[in-house]
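Summary of structural features
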Amino acid sequence: MKKKSARIAALLLALVMLSCSLASCASRGTTVMTLGKTDITGSMIEFWMSRYKAQFEYSYGQSLKSLYGLSSIDKIWTVRVKDDSAETYDDLFSSYIYDNAKTYLCALYLFDQYDLKLPDATVKSVDKTISEYVTNLADGSKSEFNAILAAYGINSKLLRELYLADEKVSYLKEYLFGSNGIQPVTTQQLEDYYEKNYVRMKQVCVFINKTPKLSEDGTYATDKDGNTVYTEMTAEENAAARAKIEEAMKKLEGGEDFEKVLSDYDENKADDGYKNGIYMSAESAFGNDSDLQKIYEALVEMKDGEVKQLELSNSLHIIKKYELDSGAYSKDENSDFFLFYDSGTQKYQPFAQYVKTPIFIDYIKERLDQYSADIKIDEEALAEYKISKVKANYNF
């Protein structure tokens, strides 16, 4: 899940001048890759980098800054991904954006090849968004708005094109794999994705360091924001907790049934409603904090029926990996585990909707291989765009 510092002043000045030039003087910037009549420009690359840089720094910046002992988040880009490799985070994520640009190139090419057209309502919605930006961010001045966008290598005309490109890719995905698409996602494809990407488990959980406070009705107490309220545990309580989990483990080693031990020793009431167990994947909305990620990673390496003991930041666990049950994603009682957060729409997608995306990406990868001889890339021009050089874009 976790995946250059600033250049000398002359290079920084050159970057600023380039950004202004691309945004103001040239409406779309220098072409860096083409497929037929479809092209991707350097300005588009810079914009996508600025978007991703903001997402990356927001999600992982502070943790990586602490991990590597850096003086600022921007220093992350000079750090080597592996000690035995010269590749930096700048190299890694710049390359990621280049590959993503190829995906867009292919998708936009296919949009035209299928002779598709965006609905008028979609185009009007994009135009309304741009108009609201001009009004709210630049007091109605297009020139002022273009000055704001110049920091990300674009102007308002190209921002509109980029937003419409996003809509075209989404429209193509639905055209191909939507419920009324020409290749609608099948039940077998859903099952294949589930079996390839999910693990299932049940766990005995005993709290250490701090324990959830209980309300009068026996449920976890929450604050005004809906967060669970915790009570700090004493040294004696922590020692008792460790003794309890060891006792549970010894009973399992002695042959006692896991379900019986689970019933007798588990303290985590949040799991009580999940009678079929807990389903986890690397991408689902459930299990994306660091502790649950450790459980997921352990489960991936375990065999069905295997039991393992883990210690997390504020809890001790005994987890058992269960065999996946067919069609679990379609059952209401399991729905919490089959939701995926879409950062673009800031909404949760159900399993059947989400799975269209990896299927679509695989489809585009196949087409990229098919069109590889026809894709023209200006490697020298493309290499000028690095994620370390762009400004993080939290706004567009």
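So, a few notes on the structure that sits alongside this text. (Residues numbered from 1 in each chain as written. Predicted model: local features only at pLDDT ≥ 70, side-chain atom pairs only at ≥ 80, totals over all residues. Heavy atoms only, no water.)

Side note on the nonpolar core
Applicable threshold: By convention a nonpolar core is built from buried Ala, Val, Leu, Ile, Met, Phe, Trp, Tyr and Cys residues, the set being connected through side-chain atoms within 4.5 Å. Remark: exposure states derive from per-residue accessible area (1.4 Å probe, protein chains only) relative to the maximum for the residue type, with buried under 20%, exposed over 50%, and partly exposed in between. Only DSSP runs of H or I covering at least 4 residues are called helices, and only runs of E covering at least 2 are called strands; the numbering of each starts at the N terminus. Residues are treated as being in contact if the distance between any of their heavy atoms lies within 4.5 Å.
Within the largest apolar cluster, 89 residues are counted, with the highest numbers of intra-cluster contacts made by I40, I45, W48, L159 and F351. No other element matches helix α3 (residues 89-113), which puts 13 residues into this core. Among all residues touching I40, those that are not within four sequence positions of it are T30, T31, V32, M33, I45, W48, A101, Y104 and L105. Residues V204, C205, M233 and I245 belong to the second largest nonpolar core, which totals 18 residues.

Some details on the side chain of S94
By secondary structure assignment, the location of S94 is in helix α3. Judged by its relative accessible area of 0%, S94 is buried. Sequence-distant contacts of S94, defined by excluding residues within four places in its chain, comprise M49, Y385, K386 and I387.

Observations regarding the sheet that holds strand β1 (residues 31-35)
For clarity, the threshold we go by: Two strands pair under a simple rule: DSSP has to find at least two bridges between them. Fitted lines through C-alpha atoms give the axes, limited to the stretch in contact for helices. The angle between two N-to-C directions lies from 0 to 180 degrees.
Taken in spatial order, the three strands of this open sheet run β2-β1-β11, and their pairing is antiparallel. If you trace the sheet from one side to the other, it starts and ends with β2 (38-41) and β11 (375-377), each paired once. Strand-to-strand twist of the sheet, defined as the mean angle between neighbouring strand axes without regard to direction, takes the value 15°. As paired elements, β1 and β11 share three bridges and run antiparallel to each other. Pairing of T34 across the sheet is with K376, part of β11. On the sheet, helix α2 (residues 42-68) packs against β1 and β2 and is oriented at approximately 60° with respect to β2.

Here's the deal with the packing of aromatic side chains
Put simply, the test is: Ring geometry is summarised as follows: Phe, Tyr and Trp rings, the Trp one being its six-membered ring, pair when their centres sit within 6.5 Å, and such pairs are stacked at plane angles under 30 degrees, edge-to-face over 60 and tilted between the two. Counted as over-ring charges are cases with an Arg CZ or a Lys NZ within 6 Å of the ring centre that also lie within 35 degrees of the ring normal.
Tallying each qualifying case throughout the model produces 37 aromatic pairs. Considering the side-chain rings of Y68 and Y89, the 6.2 Å spacing of their centres and the 70° angle between planes classify their relative orientation as edge-to-face. Placement of Y68 in helix α2 and of Y89 in helix α3 is noted, with a sequence separation of 21 residues between them. A relative accessible area of 5% places Y89 in the buried class. Above the ring of Y230, the side-chain terminus of K210 is found at 5.0 Å from the ring centroid. Sitting over the ring of Y322, K320 keeps its end group 5.2 Å from the ring centre.

Details of the packing of α3 against helix α6 (residues 156-177)
Short version of the rule: Here the word oblique covers every angle except those under 35 degrees (roughly parallel), over 145 (roughly antiparallel) and from 65 to 115 (roughly perpendicular). We call a crossing left-handed when the near helix sits turned anticlockwise from the far one by less than a right angle, and right-handed when that turn is clockwise. Amino acids are sorted into nonpolar (Ala, Val, Leu, Ile, Met, Phe, Trp, Tyr, Cys and Pro), charged (Asp, Glu, Lys and Arg) and polar (every other residue, Gly among them).
Relative orientation of the contacting elements α3 and α6 amounts to 70°, with a least axis distance of 9 Å. Between α3 and α6, the angle is such that the two are roughly perpendicular. Crossing hand, α3 versus α6: left-handed. In this structure, α3 uses Y104, A107, L108, L110 and F111 to contact α6, whose residues at the interface are A165, D166, K168, V169, Y171 and L172. Among the residues making up the contact of α3 with α6, the classes are represented as nine nonpolar, no polar and two charged.

Considering the sheet that holds strand β6 (residues 278-280)
Spatial ordering of the open sheet is given by β6-β3-β8-β7, a layout of four strands whose pairing is antiparallel. One side of each edge strand has no neighbouring strand; the edge strands of this open sheet are β6 and β7 (307-311). Adjacent strand axes in the sheet meet at a mean angle of 35°, parallel and antiparallel pairs treated alike. The sheet contact formed by strand β3 (residues 199-207) and strand β8 (residues 315-322) spans eight bridges and is antiparallel. When the sheet's bridge partners are listed, F207 is paired in β8 with S315. Strand contacts of helix α8 (residues 235-253): β3, β7 and β8, with the helix running at about 25° to β8, the strand carrying the most contacts.

Overview of the pattern of salt bridges
Definition in use: Here, a salt bridge means any side-chain nitrogen of Lys or Arg that lies within 4 Å of a carboxyl oxygen of Asp or Glu.
Overall, the coordinates contain 15 salt bridges when judged by the stated rule. Put simply, D91 and K386 hold a salt bridge, and the shortest N to O gap is 3.1 Å. With D91 in helix α3 and K386 in the segment after α13 (379-382), the pair connects residues that are 295 residues apart, well separated along the chain. Among the residues examined, D91 registers a relative accessible area of 24% and is labelled partly exposed. You can call K386 buried: its relative accessible area is 15%. Here D120 ties to K117 by a salt bridge, and the two come within 3.3 Å at their closest N and O atoms.

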